[in-house]
Amino acid sequence: MTVAPRPSIAERLATAGLPPLPRTAWLELDLDALTSNLAAIRELAGASIPTYPVVKADAYGHGALEISRALEAAGATGFCVAAADEAQALRDGGIAGPIHVLYPVPATFAGEAARQGITLSAGDVDGLEPLLDAAGVASAGPPLQLELEVETGLGRGGFAPAMTAGVAARVTAAPGVRLAGLWTHLQAAEDGDRTADQLARFETTTTSLRDAGIAVPPRHVAASGGVLTDVAPYEGIRPGLAVYGILPDELDVGSLRAEIVARFRPVMSLRAQPVRVADLPAGHGISYGPTFTTQRPSRIATLPLGYGDGYARSLSNRAQALVRGRRVQLVGNIAMDALMADVTDVPGPPVTTADEFTLLGAQEQDRIPVEELAQLRTTNTWEVVTAMSARLPRVYHAASGPVGLRTLTSRGG
Ligand SMILES: Cc1ncc(COP(=O)(O)O)c(C=O)c1O
């Protein structure tokens, strides 16, 4: 059976009524995978558990607004971000549900946060007092919703368990503020003993609030690792990576139930079409340096993306791409806006600028998983996807084809 060739990206976008790409390198984001990952997470945590996907850092490079809209439509309760302007951008973009800012923000944002129903977090006394002052000044409007982070072992932020009840009492008594949550973050969900210690400290903290006569607000602890290892979901979960179909590097996937692992599908693929495919003689240097010189007459494809797009220079001469379902080697130093692949050995008619390359994700029977790029870069999968820069066009896909496009100058779909 002959398979009809996949229409080009230009044809796919035109058919969907979307604008053309500014250049032929783009991220493809699979919204069906996204919503089915969310469904798997909710099933694991319990359908009634409020779910606040983490969409900080432009939804780990996937595009915060587009991803949040899709997740909101699929039943996410609200969202978590790291910075005040990330929260603001979601509200401005029409996200109506709860938005939690998980990291400390300047007190100058407190009034706006209260007005916009954006929940802030406090994790140390120095940050708390200015927030309470600012909320008091703005107290004619809706109260500032404030969550308290508890330091149970991560060593990054949060009030010590022994002082949290006192802080909670102070917040409860302050004008213009509502105690909206209590949370902590796990250091190593894969380490059962460490996690048990952290959860014990969190429980002690909860008890201390109760003993002080303070109503315990909704609590949340589990990120992706916690959800996947069955950490108590309390009154909410904050999954990030797994929403995007990637399982935390450190988790021993072999010990997770196979059917759970099988349900997560990566949302992000990185694709490109060459801007030039050239036959170069033996002895020709490729890119800056050069760090690669052709050893034979070689056919070299130039793809229009580079480290300026978040495709790290450290992948030079190490990573591979897929074309026609076959692996080809990247050669020469990755430049800011270009990288080269040796396509000499691809069988069939010579590779041309009409061929589509995959640098991350699946093509035909093969796949370049994010774990492969992370390993080559000696980093984690979080960094690989989060590094994808804003200037890479993002094409949002449903099963039917493209449904949206985000470029630096346009938001289509
Ligand atoms: C406080 C907090 N909660 C939740 C998450 C989500 O973690 P993950 O991507 O592992 O699910 C993060 C991620 O950095 C975080 O900092």
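Scroll up to find the structure.
As the structure is a computational prediction, the values presented were derived from the model and not from experiment.

Caption draft 1: View of helix H7 (residues 125–137). The first and last C-alpha atoms of H7 sit 19 Å apart over 13 residues, in line with the 18 Å expected at 1.5 Å per residue. Taken as a whole, H7 has its buried residues at Leu128, Leu131, Leu132 and Ala135. The arc that holds every buried residue of H7, seen down its axis, measures 100 degrees, which confines them to one face. When the buried face of H7 is taken as reference, the exposed residues oriented beyond 90 degrees from it are Asp126 and Val137.

Caption draft 2: Layout of the environment of glutamine 320. Within the element layout of this structure, glutamine 320 appears in strand S13 (residues 320–323). Remark: the alpha-carbon pair of glutamine 320 and proline 218, spanning 102 residues in sequence, is separated by 46 Å. Those residues in contact with glutamine 320 that lie beyond four places of it in its chain are Tyr311, Arg327, Val328, Gln329, Leu330, Leu359, Ile368 and Glu372. Within polar-contact distance, the side chain of glutamine 320 engages the side chain of arginine 327 at 2.8 Å. Side-chain polar atoms of glutamine 320 contact the side chain of glutamine 329, separated by 3.4 Å.

Caption draft 3: Up close: the site of the ligand. Of all residues adjacent to the ligand, which total 15 residues, the nearest are Lys56, Tyr60, Ser224, Gly240 and Leu241. Contact between the ligand and leucine 241: an oxygen atom at 2.9 Å from a main-chain N or O atom of the residue. Tryptophan 382 places a polar side-chain atom, nitrogen or oxygen, 2.9 Å from an oxygen atom of the ligand. Across the complex, the protein chains shield 92% of the 390 Å² of accessible surface that the ligand would expose by itself.

Caption draft 4: Examining the packing of H7 against helix H8 (residues 161–173) more closely. At a minimum axis distance of 12 Å, the contact between H7 and H8 shows a crossing angle of 10 degrees. It follows that H7 is roughly parallel to H8 by the angle criterion. Where H7 approaches H8, its residues Val125, Leu128, Glu129 and Leu132 are matched on the opposing element by Met163, Val167, Arg170 and Val171. Classifying every residue of the contact of H7 with H8 gives six nonpolar, no polar and two charged.

Analysis parameters
- Residues numbered from 1 in each chain as written.
- Predicted model: local features only at pLDDT ≥ 70, side-chain atom pairs only at ≥ 80, totals over all residues.
- Heavy atoms only, no water.
- Helix = DSSP H or I, 4+ residues; strand = E, 2+ residues; numbered from the N terminus.
- Expected span 1.5 Å × (residues − 1).
- Buried < 20%, exposed > 50% of the residue type's maximum accessible area, 1.4 Å probe, protein only.
- Arc of directions from axis to C-beta.
- Contact = heavy atoms within 4.5 Å.
- Polar contact = N/O pair within 3.5 Å; in protein donor to acceptor, adjacent residues only side chain to side chain.
- Near = heavy atom within 4 Å.
- Areas by Shrake-Rupley, 256 points an atom, 1.4 Å probe, with all protein chains shown as cover.
- Axes fitted to C-alpha atoms, helices over the stretch in contact; angles between N-to-C directions.
- Parallel < 35°, antiparallel > 145°, perpendicular 65-115°, else oblique.
- Nonpolar A, V, L, I, M, F, W, Y, C, P; charged D, E, K, R; others polar.

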